[in-house]
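# Structural features, examined
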Amino acid sequence: AILISMTPGVKVDDMVLNIVKEKYGERIAQLESGNFNRELYENLFQKACPKFIVPSIPNYDGPYINYSHDSVRQQVDAFLKQADHMSSLAKIRSYLKLYTAISVAKLARFNAISDDDFRSELLAIKHIMSQTESEPGMAALDGKTASALDIHFFVKDEMIHVDEADRVQRHEAFFMSQVNKCEEITDRLRR
């Protein structure tokens, strides 16, 4: 549910999406509403996050104090800061999807921040939503950097120019899911 809300435009497998929507449909709607709900993000993250191990040796002579909760709390706080920032970036992304060209000053006014701060936010979107893509057989870090955004934008002469990203059609995943569904139905009918 957190992934779907924090990375809009990223294609999630239909089966996974259906399972998540069945289980967390109401929460996904709350997360996608655009309002940062700290308590909801915290509850979902604490439920799904790995339980962190404290690498220090406990003091066996003194009273028992469980420091593992401190490490979990630090991770939750770091995640919540990132989630709060990502929610503001989602708002900017939604504005970018509405226009093909808009001035930096106008979009900054929509977000109630200065032009310079808004340029920083645009750079943050580009940076956060970039990933390294490698070909099969390559080391994971030997690939090239590509954007994970579903829209492309650039700033030229105080204007933001926007176009949609090329959508890579992955027919094999759809085809294989349909084949699996067909096999399941055939098996049920044979019984």
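Structure report, in brief. What you see is a predicted model; the values in this text were computed from it and never measured.

Here the focus is the overall build of the protein chain. Of regular secondary structure, the protein chain possesses seven helices and five strands. Counting only residues that meet the buried cut, the protein chain has 25% of its 191 residues in that class. If you take every contact in the protein chain between residues at least 6 apart in sequence, the share linking residues at least 24 apart comes to 52%.

A few words on the pattern of salt bridges. Overall, the coordinates contain six salt bridges when judged by the stated rule. Of the charged contacts in the structure, one is a salt bridge between D77 and R73, with a shortest N-O distance of 3.0 Å. Highlighted residues: D77 and R73, both in helix α4 (residues 68–98), separated by four residues, approximately one helical turn. Of the residues examined, R73 reaches a relative accessible area of 29% and is grouped as partly exposed. The closest approach of N and O atoms between R119 and D116, which form a salt bridge, is 3.1 Å. Of this pair, R119 and D116 both sit in helix α6 (residues 115–128), three residues apart, which is roughly one turn of the helix. When its relative accessible area of 25% is taken as the criterion, R119 is described as partly exposed.

A separate point is unusual backbone geometry. Excluding glycine, residues mostly carry a negative phi; peptide bonds, for their part, are mostly trans. Of note, the phi angle at A112 is positive, near 60°, even though the residue is not glycine. Considering the arrangement of structural elements, one finds A112 in the loop between α5 (104–110) and α6.

Right, let's get into the environment of E121. Relative to the helices and strands, E121 is located in helix α6. The class for E121 is buried, based on a relative accessible area of 18%. Sequence separation of E121 and L89 is 32 residues, and the distance between their C-alpha atoms is 7.3 Å. If near-sequence neighbours (up to four positions away) are discounted, E121 is found in contact with H85, S88, L89, I92 and I113.

The next thing to look at is α6. For α6, spanning 14 residues, the distance from its first C-alpha to its last is 20 Å, which sits close to the expected 20 Å at 1.5 Å a residue. Restricting attention to buried positions, one finds in α6 the residues F118, E121, L122, A124 and I125. For α6, the arc enclosing every buried residue in end-on projection is 155°, short of the 170-degree limit, so these residues lie on one face. In α6, the exposed positions that point more than 90 degrees away from the buried face belong to D116, L123 and H127.

Analysis parameters
Residues numbered from 1 in each chain as written. Predicted model: local features only at pLDDT ≥ 70, side-chain atom pairs only at ≥ 80, totals over all residues. Heavy atoms only, no water. Helix = DSSP H or I, 4+ residues; strand = E, 2+ residues; numbered from the N terminus. Buried < 20%, exposed > 50% of the residue type's maximum accessible area, 1.4 Å probe, protein only. Contact = heavy atoms within 4.5 Å. Salt bridge = Lys/Arg side-chain N within 4 Å of Asp/Glu carboxyl O. Expected span 1.5 Å × (residues − 1). Arc of directions from axis to C-beta.

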